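# Tertiary structure, described
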Amino acid sequence: MAGNEPEKADAEDDDEDWMAYANAGFGETNYSLWDEVDDTAETTGDEDLDQGSLEVPDQLGTHMEEIPRAPSPAGHKHLVRIGTCDACLGRVGGKMHYGQSMEAAGKEVRQAVLDRDAHLASARDDVPLCPFCENLFEEVELLTDIIFDAVQPYELSRLQLGARFPKDQTESEDELRKRFGAGGSEALKAALVNAIARRLNERLDNVTMVNEKPDVMALIDVLTLTVDLDVRAVYVYGRYRKLERGIPQTRWPCRACKGRGCERCDHTGLQYERSVQDLIGNPMMAALEGTEHAFHGMGREDIDVRCLGQGRPFVMEIKEPKKRAFSAAKLTEMINQQAGGSVEVASLRPSNRKEVVRIKDTPAEKSYTIRFTLEPMNAAELAVLTAPVDLTDGSGKGRNKKRRRQQRGDDASDRTKPLDAPIETPATRPSDEAMAKMKKAELVALCEEHGLAKTGTKPVLIERLQEALPPASEVFELPSDEVIVQVIEGLKGVKLAQRTPERVSHRRADLIRKRTVFESHTPIIELNEDGRREVEFTLRCESGTYVKETVHGDSGRTQPSVASLIRAKCNVVWLDVGDIHAD
Ligand SMILES: [Zn+2]
Ligand SMILES: [Zn+2]
């Protein structure tokens with residue numbers, strides 16, 4: 001199917017930064033043992049060398065420029081004399097046959113030298129540290145064993161090696177090799193990594209040595225003779241449906257203890273016991289024997305919003321997995337069974353890091369079904385909902401800020417219940433008739449609320465309120481069913497101006513965005529248990545639209561809104577994400 005092709009292309013392009021560490025050529029294709037040739041062929045051997053940096057016997061110091069490079073016999077003799085080990089003698093001697101080991105080639109070179117100059121037989125004893133590799137090639141078996149043991153717990157098919165050398169060591173080896181070694185000799189780092197890779201290749205079944213996209217990267221530190229393993233994450237694509245409200249998409253650390261675990265969170269470290277991330281990630285992590293998981297969703301829904309329809313695309317990242325292969329069917333069954341109907345996954349398949357970027361960057365249109373109740377609105381409230389959206393005026397933020405902060409900061413509040421969205425209007429007083437009917441205590445409380453003196457008789461209190469505050473404005477009648485249906489159906493094609501809601505302003509820039517409503521249909525109006533009307537409808541809108549705000553108006557920060565158009569306060573009861581129109 002053509003639809004599969006982009007996935008494949010993604011996988012091919014999933015290039016990573018491992019090459020920064022590894023310069024060993026272990027690609028399955030295009031690999032040449034002589035990758036270094038171009039580099040070294042240009043060196044002619046008469047570079048201006050810092051002779052002091054070369055570890056050569058003193059008496060030769062003044063004759064350096066007369067010593068020819070390998071593979072000349074005099075060059076070989078010099079290499080033997082300065083204490084070069086067999087491996088390096090083979091590597092830089094220029095006599096290695098195809099398929100021959102460095103050591104074998106080096107032994108042949110040494111023998112040829114000793115046949116002419118028997119007194120050099122003790123050269124390695126006289127200079128026990130190889131000037132090229134500092135005897136590192138003697139550790140090849142040890143390093144092979146360390147890596148072999150380290151990767152045993154992991155299922156892998158692609159292994160990449162890298163090596164970390166002190167910079168001065170590779171630099172001085174480079175100089176020495178280009179001065180005395182044969183042109184095209186393999187550099188120390190590549191040669192060491194290749195030697196270890198060849199041995200591992202013989203010992204590890206079904207593992208390919210690679211130089212890109214490994215399952216595991218083994219990084220050798222030649223100073224400490226240790227190996228660091230970097231086990232690449234496994235990525236799993238899928239779609240989830242959230243069938244129950246009150247579950248956040250990602251895990252939230254407990255606000256009281258910041259995730260350390262305390263009495264309030266029952267020592268779970270979590271603000272909410274469950275999350276979509278954990279419900280999917282924990283069984284996956286157990287199956288793949290990973291250490292951690294990260295969740296990448298194509299957008300998110302609020303904690304009190306369900307996600308239905310085809311479900312929301314996501315990629316789960318399982319870190320440091322011991323297993324990499326999985327059966328999508330078994331994994332799906334396990335996750336769905338353990339989630340007990342609160343969350344369901346489908347369409348699981350292997351993914352990659354590249355797809356995480358795609359998932360994150362895809363703007364997705366969504367369908368929502370939303371239900372709200374009606375409450376009478378007054379003229380002052382309508383004025384707030386229809387005042388020009390403006391970033392400079394604070395949109396009534398100042399006065400009621402404290403109260404709103406308290407609401408938001410209430411840790412114990414049940415986030416599964418819809419928050420009502422009060423419209424912030426300037427303070428008013430009850431009508432004169434209403435005040436005449438009030439008890440004195442109520443008037444005192446009213447004065448206190450508005451920061452007025454609370455002494456005096458009833459008439460004094462009433463007069464004080466009349467002087468300080470304007471009367472409450474006209475209350476509109478609730479709209480008829482016909483008006484509501486007309487307004488909802490008329491939302492189609494409307495461009496909304498949405499200022500960032502205060503509820504998300506701590507993590508989003510305060511901006512005004514234009515968002516389009518593409519569809520708005522099937523309004524249902526029902527009487528609820530209290531005999532009040534509840535309205536439900538479905539709308540499809542541009543990615544990034546704040547939907548609840550589109551209904552209640554967010555104190556004028558979203559315009560127009562259903563509330564401003566029907567001239568009634570709208571309290572959202574619930575919101576469901578239907579289909580996500582992407583993927
Ligand atoms: Zn050596
Ligand atoms: Zn806690």
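## Focus: the overall build of the chain
Within the chain one finds 20 helices and 14 strands. When burial is assessed residue by residue, the chain has 34% of its 583 residues classed as buried.

## Quick word on the sheet that holds strand β1 (residues 158-164)
Taken in spatial order, the four strands of this open sheet run β2-β1-β3-β4, and their pairing is mixed. Whereas interior strands pair on both sides, the edge strands pair on one side only; in this sheet they are β2 (208-209) and β4 (226-231). Where β1 and strand β3 (residues 216-221) come together, six bridges link them in parallel fashion. Residue Arg164 lies in a different strand from β3, and its bridge partner there is Asp221. Contacts between helix α9 (residues 188-203) and the sheet are confined to β1 and β2, with β1 contributing the most and set at about 150° to the helix.

## Some remarks on the pairing of strand β7 (residues 305-319)
Looking at chain direction, strand β5 (residues 234-242) and β7 are connected through eight bridges and run antiparallel. Looking across to β7, one finds that Tyr240 is bridged to Arg312. The pairing of strand β6 (residues 292-297) with β7 spans six bridges and is classified as antiparallel. Residue pairing for β7: Phe295 is matched across the bridge by Met316. With three bridges connecting them, β7 and strand β14 (residues 568-581) associate as parallel partners. Looking at the pairing, Cys307 lines up with Val577 of β14.

## Comments concerning the packing of helix α3 (residues 73-81) against helix α5 (residues 102-116)
Axis separation between α3 and α5 bottoms out at 9 Å; the angle between their running directions is 100°. When the axes of α3 and α5 are compared, the pair comes out roughly perpendicular. Judged by residue contacts, His76, Lys77 and Val80 of α3 engage Val109, Arg110, Ala112 and Val113 from α5. Grouping the constituent residues of the contact of α3 with α5 by class yields four nonpolar, one polar and two charged.

## Observations regarding the nonpolar core
Note that soluble globular proteins tend to have their nonpolar side chains buried in a common cluster. Core analysis: the largest hydrophobic core is formed by 55 residues, its most contacted members being Val236, Ile280, Met284, Ile370, Val562 and Cys570. Two domains each provide a minimum of three residues to this core, namely domain 2 (234-362) and domain 3 (368-421 + 475-581). Excluding its chain neighbours within four sequence positions, the residues that come into contact with Ile280 are Tyr240, Met316, Ile335, Val343 and Val345. In terms of nonpolar packing, the next biggest core, distinct from the first, is built from 47 residues, Met96, Ala163, Phe180 and Val231 among them.

## Things to note about the environment of Ile423
Following the sequence through the fold, Ile423 ends up in the loop between α14 (397-409) and α15 (432-437). The class of Ile423 is buried, set by 23 C-beta atoms lying within 10 Å. Those residues within four positions of Ile423 in sequence are excluded, and the remaining contacts are Glu381, Val384, Leu385, Ser555 and Lys569.

## Some remarks on α5
Over its 15 residues, α5 runs 22 Å from end to end, which matches the ideal 21 Å to within 8%, given 1.5 Å per residue. Among the residues of α5, those classed as buried are Met102, Ala105, Gly106, Val109, Arg110 and Val113. For α5, the angular spread of the buried residues around the axis is 135°, confining them to a single face. Exposed and oriented more than 90 degrees from the buried face of α5 are Gln111 and Asp115. In the core, the buried residues of α5 are packed alongside α3, α4 (86-92) and α9.

## Description of the environment of Glu141
Here Glu141 shows up in helix α7 (residues 140-151). Looking at Glu141, the number of C-beta atoms within 10 Å reads 12, which means it is exposed. Along the primary structure Glu141 and Arg199 are separated by 58 residues, whereas in three dimensions their C-alpha atoms are 8.1 Å apart.

## Focus: the confidence of the model for the chain
On average, residues of the chain score 84 in pLDDT, and 83% of them are at 70 or above. Scored below 50 in pLDDT, residues 1-62 shows 76 contacts in the model against residues more than four places distant or in partner chains. Note that residues 393-418 has pLDDT below 50 and, in this model, 23 contacts with residues that lie over four places away or in other chains.

## Some details on the packing of helix α16 (residues 440-449) against helix α17 (residues 458-468)
Orientation of α16 relative to α17, taken along the N-to-C sense of each, is 35°, at an axis distance of 10 Å. Seen from above, α16 lies across α17 with left-handed handedness. Mapping the contact onto sequence places Lys440, Leu443, Val444, Leu446 and Cys447 in α16 and Lys458, Leu461, Ile462, Arg464 and Leu465 in α17. The residue inventory of the contact of α16 with α17, partitioned by class, reads seven nonpolar, no polar and three charged.

## A closer look at unusual backbone geometry
Residue Pro71 follows Ala70 across a cis peptide bond; omega there is 10°. Relative to the helices and strands, Pro71 resides in the loop between α2 (37-41) and α3. Looking along the chain, the bond that leaves Gln559 and enters Pro560 is cis, with omega of -10°. Assignment of secondary structure puts Pro560 in the loop between β13 (558-559) and α20 (562-566). One non-glycine residue, Glu134, lies in the positive phi region at around 50°.

## Concerning the environment of Ser172
Residue placement: Ser172 occurs in helix α8 (residues 167-180). Residue Ser172 is classed as partly exposed on the basis of its C-beta count, with 19 C-beta atoms lying within 10 Å. In sequence terms Ser172 and Phe132 are 40 residues apart; their C-alpha atoms lie 8.2 Å from each other.

## Section: α3
Taken residue by residue, α3 has Gly75, His76, Lys77, His78, Leu79 and Val80 as its buried positions. Contact partners of the buried residues in α3: α4, α5, α6 (123-126) and α8. One or two residues past the end of α3 sits Gly83, with phi positive at roughly 95°.

Rules behind the numbers
Residues numbered from 1 in each chain as written. Chains lettered and ligands numbered in written order. Predicted model: local features only at pLDDT ≥ 70, side-chain atom pairs only at ≥ 80, totals over all residues. Helix = DSSP H or I, 4+ residues; strand = E, 2+ residues; numbered from the N terminus. Buried ≥ 20, exposed ≤ 12 C-beta atoms within 10 Å, placed from the backbone. Pairing = 2+ DSSP bridges. Contact = placed C-beta atoms within 7 Å. Axes fitted to C-alpha atoms, helices over the stretch in contact; angles between N-to-C directions. Parallel < 35°, antiparallel > 145°, perpendicular 65-115°, else oblique. Nonpolar A, V, L, I, M, F, W, Y, C, P; charged D, E, K, R; others polar. Core = buried A, V, L, I, M, F, W, Y, C linked by C-beta atoms within 7 Å. Domains from an automatic or database assignment. Expected span 1.5 Å × (residues − 1). Arc of directions from axis to C-beta. pLDDT = per-residue confidence, 0-100. Left-handed = near helix turned anticlockwise from the far one by under 90°.

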